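# Survey of secondary and tertiary structure
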Amino acid sequence: MTTKQTGTYFPAGFIDEFLPRIGRVVEIEDLQLAVFRASDGTIFAVDNHNPHPKGGPLAEGIVSGHYLYDPLYDWKIDLTTGQVQAPDTGQVQMYPVKVENDQVWIAV
């Protein structure tokens, strides 16, 4: 897993602002993140850049369970590890997330 080492946590919005299974772009510092809320309420934050050689955004992908299906190439990405699933290969940069008092915080 390539989770960024814990840094400073920044507020990203309230939990209700993140619809289940739909991505949302959040900009923190100079980073553009794709933030997803799984059906079970778990929040995931990843770099909003597809690891596919042609790139593209990930925030427009669809979440099923703890997997993200990217919108351009239909790659399956494990949101718990950032690992692209076989037969494709690649890794997405993950960012630590915490929820306190319904506020979502992401460490960069």
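Within each chain, residues carry numbers counting from 1 in the order of the written sequence. Two thresholds apply to this predicted model, a pLDDT of at least 70 for residue-level local features and 80 or more for giving and counting side-chain atom pairs, whereas whole-chain, interface and lining totals are computed over all residues. Where side-chain values are given, they derive from all heavy atoms of the structure, hydrogens and water being excluded.

## Points about the sheet that holds strand E8 (residues 94–95)
The pairing criterion is simple: DSSP has to find at least two bridges between the two strands. Per the convention used, a helix needs a DSSP run of H or I reaching at least four residues, while a strand needs a run of E reaching at least two, with both numbered from the N terminus. The strand order E2-E3-E4-E8 describes an open sheet built from four strands, whose pairing is antiparallel. At either end of the open sheet lies a strand with only one pairing partner, and these are strand E2 (24–28) and E8. Note that strand E3 (residues 31–37) and strand E4 (residues 43–47) share five bridges and pair antiparallel. Opposite Val 35, over in E4, you have Ala 45 as the bridge partner.

## Side note on unusual backbone geometry
Ala 86 connects to Pro 87 through a cis peptide bond whose omega is 15 degrees. As for its position among the elements, Pro 87 is in the loop between strand E7 (76–78) and E8. Phi angles above zero are rare outside glycine, and Arg 21 is one such case at about 70 degrees. Phi at Asp 74 takes a positive value of approximately 60 degrees, unusual for a residue other than glycine. Looking at where Asp 74 falls in the secondary structure, it is placed in the loop between strand E6 (67–69) and E7. In this scheme, a residue with accessible area under 20% of its type's maximum is buried, one over 50% is exposed, and one in between is partly exposed, where area comes from a 1.4 Å probe on protein chains only. Exposure remark for Asp 74: the relative accessible area of 54% places this residue in the exposed category.

## Remarks on the environment of Gly 90
When you line up the elements, Gly 90 lands in the loop between E7 and E8. Residues count as neighbours in contact if any of their non-hydrogen atoms are within 4.5 Å of one another. Residues contacting Gly 90, with those up to four places away along its chain left out, are Gly 82, Gln 83 and Val 84.

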